[in-house]
Amino acid sequence: MVRNVAGVMAELEPEDFYLLSGVEQGMRFSEWVNRGKLPELSNLTSEEVEYRLDRCATRGLIERKTIQYEGYTLTAEGYDALALRTFSKRDTIEGVGAPLGVGKESDVLEVQSYRPLALKFHREGYTNFREVMRERDYASDKQHVSWLYTARKAAEREYEALEALYPEVSVPRPIDQNRHAIVMAKLEGVELDRAKLPDEQVVGVLDLILRELASAYQVGYVHADMSEYNVAVSESGVTVFDWPQAVSTDHDNARELLSRDVSNLVSYFERKYPRNLPDLDVDSVSESLAADDFETVRNHA
């Protein structure tokens, strides 16, 4: 999806981005933006809007729908193009490379730059908007909330968490953020669920992850979506990633969410390495993490 957009970026002209930005502005108030409002929103003439609509639609950047009026909306690719242009103008990235990971709520790609970076596009709400609005705390006084808002909000929250956590916690180093996209340091190693840990390293790796959760709690955050898919394991240690659902330790349910994170991790290790893991009391481990009692954490793990 994103690589296709990267391929057409060179074909797009400034006026194409004016149109895309105009549709983006209109989507603050309605899912489908009235064709008649686009000249004002994009600062283009009606004739220019007509020409740009055809160009952007042909490239899959916008969709058209006739309801009580002729309306247009951004596709995920169109929103990607706007973010990519901003990153390019900021000299954050030089190009987009191979996919690093694709999920239902995000796409992660390699960034062409002078250092190993990754580009993450949040997709929250694009295909399951109502479900995301129920599960995520994206309350707003706005009468209309679009998938653009939920995806951008997720990116903003994750970037804010990464900035607060790095470098005290082993998380990807944040580089830049725009709209629904984040540029960060590229992860080392492989995801925990794909790693095959030697018997003598199982307890040690769990200990490392628990310590990172404890450090995050002391900084002021609970991951709130911890699993074997959100940890990378390498020779240099572990990295905890995917923080859009993180909550402050001041949150009413912070301790409960911390306990759930620990439970998810322990359950995974018990399933995959049942002969290498001692019996663990999840509640006791969670209390030790919250209390910054690293020695007790080590004893538990």
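Being a predicted model, the structure only gives us computed values, none of them experimental.

The rules behind these values
Residues numbered from 1 in each chain as written. Predicted model: local features only at pLDDT ≥ 70, side-chain atom pairs only at ≥ 80, totals over all residues. Heavy atoms only, no water. Helix = DSSP H or I, 4+ residues; strand = E, 2+ residues; numbered from the N terminus. Buried < 20%, exposed > 50% of the residue type's maximum accessible area, 1.4 Å probe, protein only. Areas by Shrake-Rupley, 256 points an atom, 1.4 Å probe, with all protein chains shown as cover. Lys, Arg positive; Asp, Glu negative; His and termini not counted. Charge placed at Lys NZ, Arg CZ, Asp CG, Glu CD. Pairing = 2+ DSSP bridges. Axes fitted to C-alpha atoms, helices over the stretch in contact; angles between N-to-C directions. Contact = heavy atoms within 4.5 Å. Parallel < 35°, antiparallel > 145°, perpendicular 65-115°, else oblique. Nonpolar A, V, L, I, M, F, W, Y, C, P; charged D, E, K, R; others polar. Salt bridge = Lys/Arg side-chain N within 4 Å of Asp/Glu carboxyl O. Left-handed = near helix turned anticlockwise from the far one by under 90°. Core = buried A, V, L, I, M, F, W, Y, C linked by side-chain atoms within 4.5 Å. Phe/Tyr/Trp six-rings, centres within 6.5 Å; stacked < 30°, edge-to-face > 60°.

A.B. asks: Would you explain the overall build of the chain in this entry?
C.D. replies: The helix and strand inventory of the chain stands at eleven helices and 13 strands. With the C-alpha coordinates of the chain rotated into their principal frame, the extents come out at 70 × 40 × 30 Å. Counting all 301 residues of the chain, 51% fall into the buried class. Here the chain displays about 14,900 Å² of accessible surface, and carbon together with sulfur accounts for 43% of that area. Charge centroids of the chain, computed over 35 positive and 54 negative side chains, lie 5 Å from each other.

A.B. asks: Any chance you could explain the pairing of strand β11 (residues 231–234) here in plain terms?
C.D. replies: Within a regular strand, side chains alternate between the sheet's two faces. Bridging between strand β9 (residues 190–191) and β11 involves two bridges; their strand directions are antiparallel. Note on β11: the bridge partner recorded for V190 is V233. With antiparallel pairing between neighbouring strands as the criterion, β11 and strand β12 (residues 237–240) make up a hairpin whose turn holds two residues.

A.B. asks: It is not clear to me how the sheet that holds strand β8 (residues 181–185) should be interpreted in this structure. Could you clarify?
C.D. replies: Strands in a sheet are paired, the pairing made by backbone hydrogen bonds, and the direction either parallel or antiparallel. In spatial order, the strands read β4-β5-β6-β8-β7; together these five strands make up an open sheet with antiparallel pairing. Edge strands, defined here as strands with exactly one partner in the open sheet, are β4 (95–102) and β7 (174–178). The mean inter-strand angle of the sheet, taken between neighbouring strand axes irrespective of direction, is 25 degrees. Sitting on the sheet, helix α5 (residues 76–89) is in contact with β4, β6 (117–122), β7 and β8, with an inclination near 130 degrees to β7.

A.B. asks: Would you explain the packing of helix α2 (residues 14–26) against helix α4 (residues 46–58) in this entry?
C.D. replies: Relative orientation and spacing of two packed helices are given, respectively, by the angle between their axes and the distance between those axes. Remark: α2 packs on α4, axes separated minimally by 9 Å, with the N-to-C direction vectors making an angle of 90 degrees. For the element pair α2 / α4, the angle class is roughly perpendicular. For the pair formed by α2 and α4, the contact residues are E15, D16, L19 and L20 on the first element and E48, V49, R52, L53, R55 and C56 on the second. A breakdown of the residues in the contact of α2 with α4 according to their chemical character gives five nonpolar, no polar and five charged.

A.B. asks: Looking at this model, I keep getting lost on the pattern of salt bridges. Mind explaining?
C.D. replies: Side chains carrying opposite charge are able to pair once their charged atoms draw close together. One pass over the full model with this rule turns up 19 salt bridges. Among the ionic pairs, R55 bridges to D16, the shortest N-O distance being 2.8 Å. Here the residue R55 occupies a position in helix α4, and D16 occupies one in helix α2, the gap between them amounting to 39 residues. Note on accessibility: R55 and D16 belong to one class, buried. Here E158 ties to K120 by a salt bridge, and the two come within 2.9 Å at their closest N and O atoms.

A.B. asks: Any chance you could explain the packing of α2 against α5 here in plain terms?
C.D. replies: Running from N to C, α2 and α5 point in directions that differ by 120 degrees, and their axes come no closer than 10 Å. Taken together, the axis directions place α2 and α5 in an arrangement best described as oblique. As for the relative orientation of α2 and α5, their crossing is left-handed in sense. Facing P14, F17, L20, S21 and E24 of α2, the residues of α5 in contact are G78, Y79, A81, L82 and R85.

A.B. asks: Looking at this model, I keep getting lost on the nonpolar core. Mind explaining?
C.D. replies: In a soluble, globular protein the nonpolar side chains are often hidden away together inside. Grouped together as the largest cluster of nonpolar side chains are 43 residues, with contacts concentrated most on L192, L197, W243 and F269. At the level of secondary structure, the elements contributing two or more residues to this core comprise α7 (147–165), α8 (202–219), β10 (221–222), β11, β12, α9 (254–272) and α10 (282–290). Once residues within four sequence positions are removed from consideration, L197 is found in contact with L192, V202, V205, V233, F269 and Y273. Formed by 37 residues, the second largest nonpolar core is a distinct cluster that contains M9, L20, V33 and V111.

A.B. asks: Teacher, can you tell me more about the packing of aromatic side chains here?
C.D. replies: Evaluation of the coordinates by the stated rule reveals four aromatic pairs. For the ring pair Y79 and W147, a centre distance of 5.7 Å and an interplane angle of 85 degrees mean the geometry is edge-to-face. Separated by 68 residues along the polypeptide, Y79 in helix α5 and W147 in helix α7 bring together distant segments of the chain. Comparing Y79 with W147 shows no difference in burial state: the two are buried. Seen in terms of ring centroids, F269 and Y273 are 5.9 Å apart; in terms of plane orientation they differ by 40 degrees. Their pairing is tilted. The rings of Y79, Y126 and W147 are connected pair by pair, giving a single aromatic cluster.

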